[in-house]
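# Fold and contact review
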Amino acid sequence: MNRLLQYVDISYEVVEAIDKNIPVVALESTVISHVMPYPQNLETALECEAIIRGLGAVPATLAVIDGRIKIGLSDEEIRFMATQPNVIKMSRRDLPVVVANKLTGATTVATSILIAVMAGIKVLVTGGIGGVHINAQETFDISRDLQEIATNNICVVCSGGKAILDIGLTMEYLETHGVTVLGYQTDEMPAFYSSKSGYRLDYRLDTPEEIGKTIKTKWDLGLDGGVLVANPIPDEYNMDRSDVERAIEKALEDTSLNIKDEHSDETMILDRYLQEESGLGLVANMALLKNNVKLGTLVAKEVYRVDY
Ligand code: PSU
Ligand code: MN
């Protein structure tokens, strides 16, 4: 018996999709449990699922609930993840502890990838990936997300890294580990709340079809590992990078926030600052995620096509 199966519950909808080769799009749950406040977290998570279904694919929101690895949450389980206070934010190191001890954990990009590949899911959508943090040369703070993207056959659609990262160092790290980075209709690496970062991307592709073809070619060539699709925030929510940088500086100086603490909700803190500064923040975060879900679903439909 495959020993893995004893830990995993796959929803009926996802099982059926896998069976019929209907594209499945994985969604993380840290954004639900740790990044966005209630009720916006619940609304956004349900809307993301609806967008995927509306485009003819199947969503698989991922989490561990009472030790069970869940691939595809019910609406009630999404509500549970949106309202529970003691959810663990899981990176790779946390997953065995949470499962073995019947705890509840939300998936980051790193654990979403680990769980998605258990079911052969090929596309994951998120708002922003973790990466190399500002001052990482002193703190060693590099997200596990990067290693999981680098070593698993999955396409991750995002709007760049979370706002607080060192974008240049994150891109260097991705290059070293062989991650193919594709800009969707952009020549620049997006910077989460800002569509422009000043860092040029080597590859710009303008259609989901070209992206899907590139991903399939990478895997056909035996080049295992992930592809990162960078999708800029929609224009109407775009914030000036200098305004965001000012907000990050303010947040970092405010020691009462403990923004550097591994378990603090950096993005939620930033959302709050940006909300005060420009009225955006959470609204922008919700908008970019839904925009990524739309693109991720279109890309998934290409990746799952068998007629190339
Ligand atoms: N997007 C955000 N804020 C976040 C995250 C995403 O705007 O906090 C989450 C994602 O789940 C991502 C994780 O995978 O943070 C990375 O956390 P860390 O840097 O601790 O590895
Ligand atoms: Mn970290």
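Keep in mind it's a predicted model, so treat the numbers as computed, not measured.

Rules used throughout
- Residues numbered from 1 in each chain as written.
- Chains lettered and ligands numbered in written order.
- Predicted model: local features only at pLDDT ≥ 70, side-chain atom pairs only at ≥ 80, totals over all residues.
- Heavy atoms only, no water.
- Helix = DSSP H or I, 4+ residues; strand = E, 2+ residues; numbered from the N terminus.
- Expected span 1.5 Å × (residues − 1).
- Buried < 20%, exposed > 50% of the residue type's maximum accessible area, 1.4 Å probe, protein only.
- Patch = residues over 30% accessible without salt bridge, like charges linked within 9 Å, V, L, I, M, F, W, Y side chains within 5 Å.
- Areas by Shrake-Rupley, 256 points an atom, 1.4 Å probe, with all protein chains shown as cover.
- Salt bridge = Lys/Arg side-chain N within 4 Å of Asp/Glu carboxyl O.
- Phe/Tyr/Trp six-rings, centres within 6.5 Å; stacked < 30°, edge-to-face > 60°.
- Pairing = 2+ DSSP bridges.
- 1 Å grid on protein atoms, 1.4 Å probe; cavity = no way out; pocket = protein on both sides within 12 Å on 5 of 7 lines; lining within 4 Å.
- Points joined across faces, edges and corners; volume = space filled by probe spheres on them.
- Nonpolar A, V, L, I, M, F, W, Y, C, P; charged D, E, K, R; others polar.
- Domains from an automatic or database assignment.
- Contact = heavy atoms within 4.5 Å.
- Polar contact = N/O pair within 3.5 Å; in protein donor to acceptor, adjacent residues only side chain to side chain.
- Core = buried A, V, L, I, M, F, W, Y, C linked by side-chain atoms within 4.5 Å.

Because each turn of an α-helix spans 3.6 residues, side chains separated by three or four positions end up pointing in the same direction. In a regular helix each residue adds 1.5 Å, so 22 residues correspond to 32 Å; helix α13 (residues 282–303) covers 31 Å between its end C-alpha atoms and thus fits that length. Buried residues dominate α13, accounting for 16 of its 22 residues.

Okay, a nonpolar patch on the surface next. Judged by side-chain polarity, I10, V15 and I18 come together as a nonpolar surface patch covering roughly 220 Å² of accessible area. With respect to the helices and strands, I18 occurs in helix α1 (residues 12–20).

What follows concerns the packing of aromatic side chains. Applying the stated criterion to the full structure yields one aromatic pair. Ring plane angle 90 degrees and centroid distance 4.8 Å describe the contact between F192 and Y193, whose orientation is recorded as edge-to-face. Under the relative-accessibility criterion, F192 is labelled buried at 3%. Taking relative accessible area as the criterion, Y193 reaches 0% and is therefore assigned buried.

Time to look at the pairing of strand β11 (residues 227–230). Residues V227 and V229 of β11 are buried on one face, and the alternating residues L228 and A230, pointing to the opposite face, are buried as well. Pairing of strand β8 (residues 155–158) with β11, which is carried by four bridges, proceeds in the parallel orientation. Residue pairing for β11: V157 is matched across the bridge by V229. Note that strand β9 (residues 180–184) and β11 share four bridges and pair parallel. Looking at β11, one finds that V181 is bridged to L228.

A separate point is the layout of surface pockets. Approximately 300 Å³ is the volume found for the second largest pocket. Together, 13 residues line the second largest pocket, and M171, E175, V179, V181 and D202 are the ones closest to its centre. Elements supplying a minimum of two residues to the lining of the second largest pocket: α9 (167–176) and β9. If you tally residues by element for the lining of the second largest pocket, the top one is α9, at five residues. Looking at the lining of the second largest pocket residue by residue, the classes come out as seven nonpolar, two polar and four charged.

Quick look at the domain arrangement of the chain now. Each domain of the chain was delimited in the assignment, giving domain 1 (1–121) and domain 2 (127–308). Domain 1 and domain 2 are separated by 20 Å when their C-alpha centres are compared. On the domain 2 side, the residues contacting the 32 residues of domain 1 number 29 residues. Applying the counting rule to domain 1 against domain 2 returns two salt bridges. Linking E148 and R92 is a salt bridge whose minimum nitrogen-to-oxygen distance equals 3.0 Å. Between the two partners, domain 1 and domain 2, sit five residue pairs in polar contact (both at pLDDT 80 or more). Secondary structure elements with two or more residues in the side of domain 1 that touches domain 2: β2 (24–27), α2 (30–35), α3 (40–54) and α6 (109–118). Among the residues forming the side of domain 1 that touches domain 2, the class breakdown is 21 nonpolar, seven polar and four charged.

If you trace the backbone, N292 turns up in helix α13. Looking at N292, its side chain comes within polar contact range of the side chain of S159, at 3.0 Å. A distance of 3.0 Å separates a polar atom in the side chain of N292 from a polar atom in the side chain of N231. In this structure, N292 is in contact with V125, T126, G127, V157, C158, S159 and N231, ignoring residues within four places of it in sequence.

Put simply, Y38 and P39 share a cis peptide bond, and its omega is 5 degrees. Position of P39 among the secondary structure elements: in the loop between α2 and α3. With a phi angle near 60 degrees, F192 is a residue other than glycine that sits in the positive phi range. For F192, the location among the structural elements is in the loop between β9 and β10 (204–205).

This part covers the nonpolar core. Core analysis: the biggest nonpolar cluster contains 83 residues, and I71, I121 and L228 have the highest contact counts within it. Considering every element that reaches this core, the biggest residue donor is α13, with eight residues. In this structure, this core is formed jointly by two domains, domain 1 (1–121) and domain 2 (127–308), each of which donates at least three residues. If sequence neighbours within four positions are ignored, I71 has contacts with V8, D9, I10, S11, V14, A60, T61, L62, I115, A119 and I121. By size, the runner-up hydrophobic cluster in this structure holds 17 residues, among which are I164, F192, L280 and L288.

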